[in-house]
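As a plain string of letters, each chain reads:
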Amino acid sequence: MKLTFRWYGKDDPVTLEKISQIPTMTGIVSAVYDVKPGGVWSNESIAEIKNSALEHGLEFEVVESVPVPEDIKLGNKNAPKLIDNYCENVRRLGKAGVKCICYNFMPVFDWLRSELEHQQSDGANALAYDDKTVRAMNPLGGDLSLPGWDASYTKEELCGLLKTYESIGEEQLWKNLETFLKAVIPVAEEYGVNMAIHPDDPPWGLFGLPRIITNKENIQRFLNIVPVKNNGITLCTGSLGANPENDLIDMANTFADRIHFLHLRNIKYTGDKKFEEVGHPTPCGSIDMYGIAKALVDNGFDGYVRPDHGRMIWGEKGRYGYGLFDRALGATYIAGLFEAIEKEKK
C-alpha cells in the first residue's frame, strides 16, 4: 500500500513540509480548488500541485476529488457536455501521472455532521452525527445549518435542487450513474486511471434525497455496471461503518481487487444512527481497523491509503476533521498496522 495525506492546497495550514515529515508518507491527495464543478482543470494548475509535492519529496498520484456536477446526477440536458468535460479532466490527470481519482455521486450534500466540535472526555473535540438533530431541520424552510455542508448553494438554489430531486428516485439515480460510468471509465482505462467512488456519508437517505452507494449489495451492483478494474471504490470505513449492519471485513474480502483507495478512520456508536469520530486505533471505537487491514492484505490490496478525519487535539485549531496532529498519529498507526500484517503474511 501507499500511505498518503489529504492536502487542500497552498491555503491549507497543514503544509507540505509538515506532511513530508510524517514517517513513511509517500504522497498527497489533492485537487484543483479554483474551478467550479463541471469546469475543465488547466494543465498548469495540475502541474503546479505535482511540482509542489515533488519539491517536498511527495508524489501526487491521487485526486480527491473531481466533483460530479448536479446536472450529471440529475441526467438533464446539460449532462452530456459536463460528462465530456469530466472525461477531459480524467485525460489531463492521467497524462500528469495521477493513478486514482476519488469522487462521489451523492445528491446535493457531501458528508454531513450535526456537530463539528463535539467535546470528548479527554479534552479533544471531534465531528459527530445525531440523526434526530439532522432530521429536525427543514432545508426548504431555510433553517438548514448542517456543519458538514459547505453552503455551495444559495437558499433559492438549494430549494430548487431539492424540488427537482423529488422526481429522481433511486432507480433514476442508478441510470444516471450508469450513463456517467459508461462514458468515463473507458477514458480512465485508456489513460491508466482507477476511478474510486466514495460511499455515501452517512449511508442512508436524507431530506428525501436518494443515496445508493450505501451497502455491500449496492456496491456489487455498482461494480457490475462496468465490470473492469478501473471502475472501483474508495472503502471509507467511517462512512460505511456508520451503519453497524455493514460488515466492513466482509466487504474488504469481497472487493479487495476493486478497492483502489482506502480511507481509514474509526467511529464510536453512541446511539441509533448516532456516532462520534475518535482516534484511529481499533480500541478507540467501534470499527475493527486491524480486521479490515488484514482482510485487504490477505487479498493482495496494493492501493492508496490515507488517514481520514482526525480529532482536534493538543489545542490545535484548523479545518474541521483535517488538522495535522491526530491525522499524523493515525498515519503512523496505519503504517505500523500494515507493516505488521504484511510481515505476518510472509
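Report on the accompanying structure.

Considering the arrangement of structural elements, one finds leucine 209 in the loop between strand S7 (194-197) and helix H8 (216-225). Under the relative-accessibility criterion, leucine 209 is labelled buried at 6%. Expressed as a C-alpha distance, the spacing of leucine 209 and methionine 106, which sit 103 residues apart in the sequence, is 8.8 Å. Residue contacts for leucine 209: discarding those within four places in its chain leaves Pro107, Val108, Phe109, Leu162 and Tyr165.

Attention shifts here to the packing of helix H10 (residues 248-255) against helix H11 (residues 289-298). Interhelical geometry of H10 versus H11 gives an angle of 10 degrees and a closest axis separation of 8 Å. It follows from the interaxial angle that H10 and H11 lie roughly parallel. As H10 packs across H11, the resulting crossing turns out to be right-handed. Only Gly291, Ile292, Ala295 and Leu296 of H11 make contact with H10, whose side of the interface consists of Leu248, Ile249, Ala252 and Asn253. Broken down by class, the residue content of the contact of H10 with H11 amounts to 6 nonpolar, 2 polar and no charged.

Along the chain, the position of tyrosine 191 falls in the loop between helix H7 (170-190) and S7. Residue tyrosine 191 is classed as partly exposed on the basis of its relative accessible area, which comes to 25%. Separated by 141 residues in the primary sequence, tyrosine 191 and lysine 50 have C-alpha atoms spaced 17 Å apart. When neighbours within four sequence positions are excluded, tyrosine 191 is seen to be in contact with Arg91, Gly94 and Lys95.

For helix H12 (residues 325-345), with 21 residues, the first-to-last C-alpha span of 31 Å sits near the 30 Å given by 1.5 Å per residue. Turning to H12, its buried residues are Asp326, Arg327, Ala328, Gly330, Ala331, Ile334, Ala335, Leu337, Phe338 and Ile341. Tucked into the core, H12 has its buried residues touching strand S1 (2-6), strand S9 (259-264), H11 and strand S12 (304-307).

Rules used throughout
- Residues numbered from 1 in each chain as written.
- Predicted model: local features only at pLDDT ≥ 70, side-chain atom pairs only at ≥ 80, totals over all residues.
- Heavy atoms only, no water.
- Helix = DSSP H or I, 4+ residues; strand = E, 2+ residues; numbered from the N terminus.
- Buried < 20%, exposed > 50% of the residue type's maximum accessible area, 1.4 Å probe, protein only.
- Contact = heavy atoms within 4.5 Å.
- Axes fitted to C-alpha atoms, helices over the stretch in contact; angles between N-to-C directions.
- Parallel < 35°, antiparallel > 145°, perpendicular 65-115°, else oblique.
- Left-handed = near helix turned anticlockwise from the far one by under 90°.
- Nonpolar A, V, L, I, M, F, W, Y, C, P; charged D, E, K, R; others polar.
- Expected span 1.5 Å × (residues − 1).

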